[in-house]
Amino acid sequence: MSKTQAKRPTAGKKKATAARGFGWMGLLLKLALVGLLVLGGYMIYLDAQVQERFAGKRWTVPARVYARPLELYAGQRLQQQDFVTELQALGYRRGQVTDRSGVFSVSGNRVELFARGFRFYDGEEPAQRVRVSFSGNQVASLSRAEGGALAVVRLDPLLIGGLYPAHQEDRILIRLTDTPSYLIQALTTVEDRDFFDHSGVSLRSIGRAVWVNATSGKLRQGGSTLTQQLVKNFFLTNERSLSRKFNEALMAILLELHYSKEDILEAYLNEVFLGQDGNRAVHGFGLASQYYFSQPLVELDVHQVALLVGMVKGASYYNPRRHPERTLERRNLVLEMLAEQGVISSQQLDVARKQPLGVTAQGSLANTGYPAFMDLVKRQLREDYREQDLTEEGLRIFTSMDPVLQQKAEQAAAQAFERMKGRSGIDQVETALVAVRPGSGEVLAMLGSRQPRFAGFNRALDASRPIGSLIKPAVFLAALAQPQRYSLTSYLQDQGFSVRDGSGRNWTPQNYDRKEHGTVFLYQALAQSYNLSTARLGMEVGVAEVLTTARKLGASHDWPAYPSMLLGAGSLTPLQVTQMYQTLANSGFHTPLRAIHNVLTAEGEPLGRYPLHVEQRFEAGPIYLVREALRRAMVEGTGRSAYTRVPQGLRLAGKTGTSNDLRDSWFAGFGEDLLAVVWMGRDDNGKTSLTGATGALQLWAELMRTAAPASLANKRPESVVEVLVDPERGLRVSEPCAGVVSMAYIRGSEPPLGTYCGVPASPEPVAPKPSTEETKVKGWLRGWLSR
């Protein structure tokens, strides 16, 4: 065999091997091509996902609910301390008022502040420096800091809550222009220094993070870009897997292809998770600034910005309220990184590191702050808006709540219960309070529990309880609407009786003191809250007429026309009682109670208004007489203990109420510009040790002491005249002398002249003669049965 022949098989093997190699390469190329096609198709799918979600409405934004804005003007009734309290609630800081909004200073009776701008339903309120001077309990003058008087200044309103979607995410959307100067620099320095240079994924950032973390011995930097973090938070889950990281990288690249760095950065600022408020997630720097500092984001200093940026790494781990030490360490690390990059100077670093964390004691995202009032707002809104609109469209809702009065109501409740400590069963007693402005029907403050942050059963709206003697003004108003029969000095018999009610049972009322008081004046029966004389009067007028009067006053009820209704056996909620007394306090003009002023879209366009509706339901004369009797109840009757807490010269009107067996303690009373109703009782309807005077009145009086309402105006209607009368017989006297009293009457119903001070004013003094008991009982029955 020749050598040539011997070598032929070897050459053939090489050719075969080469052929096989080319076959494998072809297969790999085909697989690569298929892989690229699959990857391309997958990227097209991901690209569609990115554009669909990012180009549309990116977030469902809850509605924002605001308290009433404080309007300042010369002559306004406003205590300086209340003004300072409201500024602090709004997050204004004491300091030197320069060129930054949200700062105020106090010097003597003058407050200077840099008011924030705010977009209201009727236009933009500019940011400006303002000086407010006080004299007593009034605003004496209002001017610009640089000079020049101002007619009116309206402060930004307090954010009191929100209406949240089912997923419980919350955020305040911001634009890049709304951010403090240090925020973007701090964020990119700590999280992504190459943000403005990479295309979504940065190998250099990954390498630098590995190096920094290895040399420092600490996890100081992460390798993900801000774009990747946004993709993970916005599109993906927190699952730790290679597939998730792969999707994250691809989607980051696609996001950078379609959107500018500014769009991506702005979305990141609004999306990043920065805390948890109960079951509500805090997203974005705008909301976090309010939640941790009670300040708008644009007002934050560098040490506050550093704290929030440091929390991006782990909002729960670096929660400043739960873990202040580690949060302080993290904040200072961020400040050091800013100094290393030349963002701040060494002097600024030293100053910033010495600052405390400065977070508020608890989150300022109220739905937890004012649950009773927010409950009322939600109920009124749901009459006009869909749930989806309220929780997803970012509506801005302006309400009537007065945050300073609300605080005073909460403090009054706490102090009243503290003074009652030691009473039998007081720990089981609950309370509710509603405070309104009588003329407009605006609800200013509300408590649904003795624990003001309790968000469960709202007793102000839902606790329907017997109102006791709070019904009595309706009885006397029904009578005084007949001036030819009744006046404030008409004689009433405060004597016991018994009558069958509509169910066939005997009804035998009694006075609280179990005594009879004989012949009394009509106004005394109301001021002293005598049950026997009130029930007799109601029977004379007619139970049906009394219940009609109560309904006209505003009491929504379907009570049967039984005699027991004359003494408050019927039940109402505190809000319904407030509506009833609003008509009394507003001189017979009925105004539906309301908590909402305006609703705006997220863009600030008006969406709905809740205008004032006023209806005159009673003549001015009879209403005035009832108010006079209620004023005397405060001076000489069941409400007189209030003057141990409020100034003697403050003219107030009010009525106590106590249900059977001391189960419910009520008080309803008002000044010229403030009406408040208080209830106390047990949720299980058990007995308490409280009457209206010893329970609810004490809380009411404490509120009035701090709220300092205006005294009731002493302006009589044209149909009413004041005359001097004998305090013993109610007859008119011709000349003043010791002991005579001034009494109001509907013109033409004044009593005849009599004798007093030993001087006969009439040759034959005339006194009304009470009818016989038989005649009066028949009259009551006719009145009760008539409809």
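Caption draft 1: The arrangement of the packing of helix α14 (residues 403–419) against helix α22 (residues 696–707) in detail. Relative orientation of the contacting elements α14 and α22 amounts to 135 degrees, with a least axis distance of 8 Å. On the basis of the axis angle, α14 is oblique to α22. As α14 runs across α22, the sense of the crossing is right-handed. Along the contact surface, α14 presents Leu405, Lys408, Ala409, Ala412, Ala413, Gln415, Ala416 and Arg419, while α22 presents Gln698, Leu699, Glu702, Leu703, Arg705, Thr706 and Ala707.

Caption draft 2: Highlighting the sheet that holds strand β13 (residues 273–277). What the 3 strands build is an open sheet, ordered β12-β14-β13; its pairing is mixed. The sheet is open, and its two edges are formed by β12 (169–171) and β13, each paired on a single side. Across the sheet, the axes of successive neighbouring strands diverge by a mean angle of 30 degrees, strand direction being ignored. Strands β12, β13 and β14 (280–283) of the sheet are contacted by helix α8 (residues 285–293), whose axis makes an angle of about 45 degrees with β13.

Caption draft 3: Quick peek at helix α9 (residues 302–311). Across the 10 residues that make up α9, a large majority, 10, are buried. Among all positions in α9, only Val302, His303, Gln304, Val305, Ala306, Leu307, Leu308, Val309, Gly310 and Met311 are buried. Looking at the buried residues of α9, the elements they touch are α3 (181–191), β13, α8, α10 (324–340) and α11 (346–353).

Caption draft 4: Summary view of the packing of aromatic side chains. Considering all chains together, one arrives at 15 aromatic pairs under this definition. By the ring-pair criterion, three or more aromatic residues cluster together here, those being Tyr66, Phe118, Phe120, Tyr121 and Phe398. Over the ring of phenylalanine 195 we find lysine 261, and its NZ or CZ is 4.6 Å from the ring centre.

Caption draft 5: Focus on unusual backbone geometry. The backbone phi angle of serine 294 is positive, close to 55 degrees, even though this residue is not glycine. Examined against the element boundaries, serine 294 turns out to sit in the loop between α8 and α9. In this structure serine 294 comes out as buried when scored by relative accessible area, which is 13%. With a phi close to 50 degrees, alanine 708 is a non-glycine residue in the positive phi region. Residue position: alanine 708 is located in the loop between α22 and β31 (720–725). Taking relative accessible area as the criterion, alanine 708 reaches 22% and is therefore assigned partly exposed.

Caption draft 6: Expanded view of the environment of isoleucine 264. Relative to the helices and strands, isoleucine 264 is located in helix α7 (residues 261–271). Classification of isoleucine 264 by relative accessible area gives buried; the value is 1%. With 38 residues separating them along the chain, isoleucine 264 and leucine 226 place their C-alpha atoms 8.5 Å apart. With residues near it in sequence (within four places) discarded, isoleucine 264 still touches Phe195, Thr227, Leu230, Leu255, Glu256 and Tyr259.

Caption draft 7: Broad picture of the confidence of the model for the protein chain. Confidence in the prediction for the protein chain averages 87 pLDDT; 86% of positions are at 70 or higher. Note that pLDDT drops below 50 for residues 1–7; the model gives that stretch 1 contact with residues more than four away or on any other chain. Note on residues 760–787: pLDDT is under 50 here. Beyond four places in sequence and across chains, it has 47 contacts.

Caption draft 8: A look at a nonpolar patch on the surface. On the surface, Trp24, Leu27, Leu28 and Leu31 cluster together into a nonpolar patch covering about 450 Å² of accessible area. You can call leucine 28 exposed: its relative accessible area is 56%.

Caption draft 9: Representation of the side chain of threonine 583. Tracing the sequence through the fold places threonine 583 in helix α20 (residues 574–585). Here leucine 553 takes part through its backbone oxygen, which lies 2.6 Å from a polar atom of the side chain of threonine 583. With sequence-adjacent residues up to four places away left out, threonine 583 is seen in contact with Leu553, Gly588, Phe589, His590 and Phe618.

Caption draft 10: Representation of the environment of serine 529 within the structure. Mapped onto the secondary structure, serine 529 falls in the loop between α17 (522–527) and α18 (531–541). Here serine 529 is in contact with Ser469, Lys472, Gln524, Thr638 and Lys655, once residues within four sequence places are set aside.

Caption draft 11: Representation of the sheet that holds strand β16 (residues 430–437) within the structure. One open sheet holds the 5 strands; their spatial order is β17-β16-β30-β29-β28, and the pairing between them is antiparallel. At either end of the open sheet lies a strand with only one pairing partner, and these are β17 (442–447) and β28 (653–658). Taking each pair of neighbouring strands and ignoring which way they run, the sheet shows an average axis angle of 10 degrees.

Caption draft 12: View of the pattern of salt bridges. Applying the stated criterion to the full structure yields 40 salt bridges. Residues arginine 100 and aspartate 301 are paired through a salt bridge, measuring 2.4 Å at the closest nitrogen-oxygen approach. Taken as a pair, arginine 100 in the loop between β3 (93–94) and β4 (103–107) and aspartate 301 in the loop between α8 and α9 lie far apart in primary sequence, 201 residues in all. Note on arginine 100: relative accessible area 31%, which makes it partly exposed. Here lysine 261 makes a salt bridge to glutamate 256, at a shortest N to O gap of 2.9 Å. Through salt bridges with shared partners, a single ionic network connects Arg64, Asp170, Asp277 and Arg280.

Caption draft 13: Quick peek at the nonpolar core. Membership of the largest hydrophobic core comes to 118 residues, with the highest contact counts inside it found for Phe83, Leu113 and Leu381. If you look at the next biggest cluster of nonpolar residues, it comprises 55 residues, including Leu187, Tyr291, Leu297 and Leu308.

Caption draft 14: Representation of α20. Between the first and last C-alpha of α20 there are 16 Å, a value that for 12 residues agrees with the 16 Å anticipated at 1.5 Å per step. Looking only at α20, the buried set comprises Pro574, Leu575, Val577, Thr578, Gln579, Met580, Tyr581, Gln582, Thr583, Leu584 and Ala585. Serine 587, located one to two residues past α20, shows a positive phi value of around 60 degrees.

Caption draft 15: Highlighting the packing of helix α5 (residues 226–234) against α7. It is the contact of α5 with α7, at a shortest axis distance of 10 Å, that shows an interaxial angle of 50 degrees. Of the possible angle classes, the one that applies to α5 and α7 is oblique. Crossing geometry of α5 relative to α7 is assigned as left-handed. Contact residues: α5 offers Leu226, Thr227, Gln229, Leu230, Asn233 and Phe234, while α7 offers Ile264, Leu265, Ala267, Tyr268 and Glu271. Tallied by class, residues from the contact of α5 with α7 come to 7 nonpolar, 3 polar and 1 charged.

Caption draft 16: Geometry of the pairing of β14. Alternating residues of β14 divide into Arg280 and Val282 and Ala281 and His283, and every residue in both groups is buried. Note: β12 against β14, 3 bridges, orientation parallel. By the bridge assignment, glutamate 169 is partnered in β14 with alanine 281. Strand direction decides the pairing type here: β13 and β14, joined by 4 bridges, are antiparallel. Residue pairing across strands places phenylalanine 273 opposite histidine 283, the latter belonging to β14.

The rules behind the values
Residues numbered from 1 in each chain as written. Predicted model: local features only at pLDDT ≥ 70, side-chain atom pairs only at ≥ 80, totals over all residues. Heavy atoms only, no water. Axes fitted to C-alpha atoms, helices over the stretch in contact; angles between N-to-C directions. Helix = DSSP H or I, 4+ residues; strand = E, 2+ residues; numbered from the N terminus. Parallel < 35°, antiparallel > 145°, perpendicular 65-115°, else oblique. Left-handed = near helix turned anticlockwise from the far one by under 90°. Contact = heavy atoms within 4.5 Å. Pairing = 2+ DSSP bridges. Buried < 20%, exposed > 50% of the residue type's maximum accessible area, 1.4 Å probe, protein only. Phe/Tyr/Trp six-rings, centres within 6.5 Å; stacked < 30°, edge-to-face > 60°. Lys NZ or Arg CZ within 6 Å of the ring centre and 35° of its normal. pLDDT = per-residue confidence, 0-100. Patch = residues over 30% accessible without salt bridge, like charges linked within 9 Å, V, L, I, M, F, W, Y side chains within 5 Å. Areas by Shrake-Rupley, 256 points an atom, 1.4 Å probe, with all protein chains shown as cover. Salt bridge = Lys/Arg side-chain N within 4 Å of Asp/Glu carboxyl O. Polar contact = N/O pair within 3.5 Å; in protein donor to acceptor, adjacent residues only side chain to side chain. Core = buried A, V, L, I, M, F, W, Y, C linked by side-chain atoms within 4.5 Å. Expected span 1.5 Å × (residues − 1). Nonpolar A, V, L, I, M, F, W, Y, C, P; charged D, E, K, R; others polar.

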